[in-house]
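Residues per chain are reported as follows:
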Amino acid sequence: MPPEKEDLKAKLLAQAEIAIEAMLKDPKVNPQMSLSEMEQAVGVVSTNLERQMMQELVARSQAESVKVCARCGGKLRNKGKRRKIVESVRGEIEVERSYYTCVECGTSSFPPRSATWLKRDGL
Ligand SMILES: [Zn+2]
């Protein structure tokens, strides 16, 4: 596996461990629990994991560098990160995108892929 995927795997495994540990520490999780209580406990773990996996995959999909302004070709200045909460089928996730302004024409923009990615999903 490429190093960046090994890194992602390690991160996701660490998050899985935290989510599973949290479930097991819950005193309501015991051999006497009902079927619906088990479903509830497992559901919380899987929902957390799904959301964290989405979060990591989304973060990686947004990592791109933009060199020039789409309108005038001028140099772009990175103005830092902007956060957006997105409702996904795996739960609410936070998308962090770089925000740029053009030093020539002043146009503000997000990386093109970031903008289309959000629009494509109608969010
Ligand atoms: Zn420009």
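Residues numbered from 1 in each chain as written. Predicted model: local features only at pLDDT ≥ 70, side-chain atom pairs only at ≥ 80, totals over all residues.

Comments concerning the overall build of the chain
For the record, the criterion: For helices the rule is a DSSP run of H or I covering at least 4 residues; for strands it is a run of E covering at least 2, with both sets numbered from the N terminus onward. Partly exposed residues are those whose C-beta has more than 12 but fewer than 20 other C-beta atoms within 10 Å; with 20 or more the residue is buried, with 12 or fewer it is exposed, and the C-beta atoms are placed from the backbone. Any residue pair is listed as a contact if its two C-beta atoms, each placed from the backbone, are within 7 Å.
The secondary structure content of the chain amounts to 3 helices and 3 strands. Mapped from its N terminus to its C terminus, the chain presents α and β elements in the order α-α-β-β-β-α. Going through the 123 residues of the chain one by one, you find that 7% of them count as buried. Considering only residue pairs separated by 6 or more positions, the chain has 57% of its internal contacts joining residues 24 or more positions apart.

Examining the pairing of strand 2 (residues 91-102)
Two faces, one strand: in a regular strand the side chains alternate between the faces of the sheet. Threshold: Pairing between strands is defined by DSSP: at least two bridges between the two strands are required.
Strand direction decides the pairing type here: strand 1 (residues 76-88) and strand 2, joined by 11 bridges, are antiparallel. Bridge pairing links Ser88 to Gly91 in strand 2. Between the antiparallel neighbours strand 1 and strand 2 lie 2 residues. Where strand 2 lies against strand 3 (residues 108-109), 2 bridges are found, and the strand directions are antiparallel. The residue of strand 3 that forms the bridge with Tyr100 is Ser109. In this structure, the hairpin formed by strand 2 and strand 3 is closed by a connection of 5 residues, where Gly106 is found at a positive phi of approximately 80 degrees.

Describing the packing of helix 1 (residues 3-25) against helix 2 (residues 35-61)
As a reminder, the rule being used: Lines fitted to C-alpha atoms define the axes, with helix axes restricted to the stretch in contact, and inter-axis angles between N-to-C directions lie between 0 and 180 degrees. Here the angle decides the label: under 35 degrees means roughly parallel, over 145 means roughly antiparallel, 65 to 115 means roughly perpendicular, and every other value means oblique. By the definition used in this description, the sense in which the near helix is turned from the far one sets the handedness, with an anticlockwise turn below a right angle giving left-handed and a clockwise turn giving right-handed. Classification used: nonpolar for Ala, Val, Leu, Ile, Met, Phe, Trp, Tyr, Cys and Pro, charged for Asp, Glu, Lys and Arg, polar for all others including Gly.
Relative orientation of the contacting elements helix 1 and helix 2 amounts to 155 degrees, with a least axis distance of 10 Å. On the basis of their axis angle, the class for helix 1 and helix 2 is roughly antiparallel. Here helix 1 runs over helix 2; the crossing is right-handed. When helix 1 is examined against helix 2, the residues Leu8, Lys11, Leu12, Gln15, Ala16, Ala19, Ile20 and Met23 are found in contact with a partner set consisting of Ala41, Val44, Val45, Asn48, Leu49, Gln52, Met53 and Glu56. A per-class count over the contact of helix 1 with helix 2 returns 11 nonpolar, 3 polar and 2 charged.

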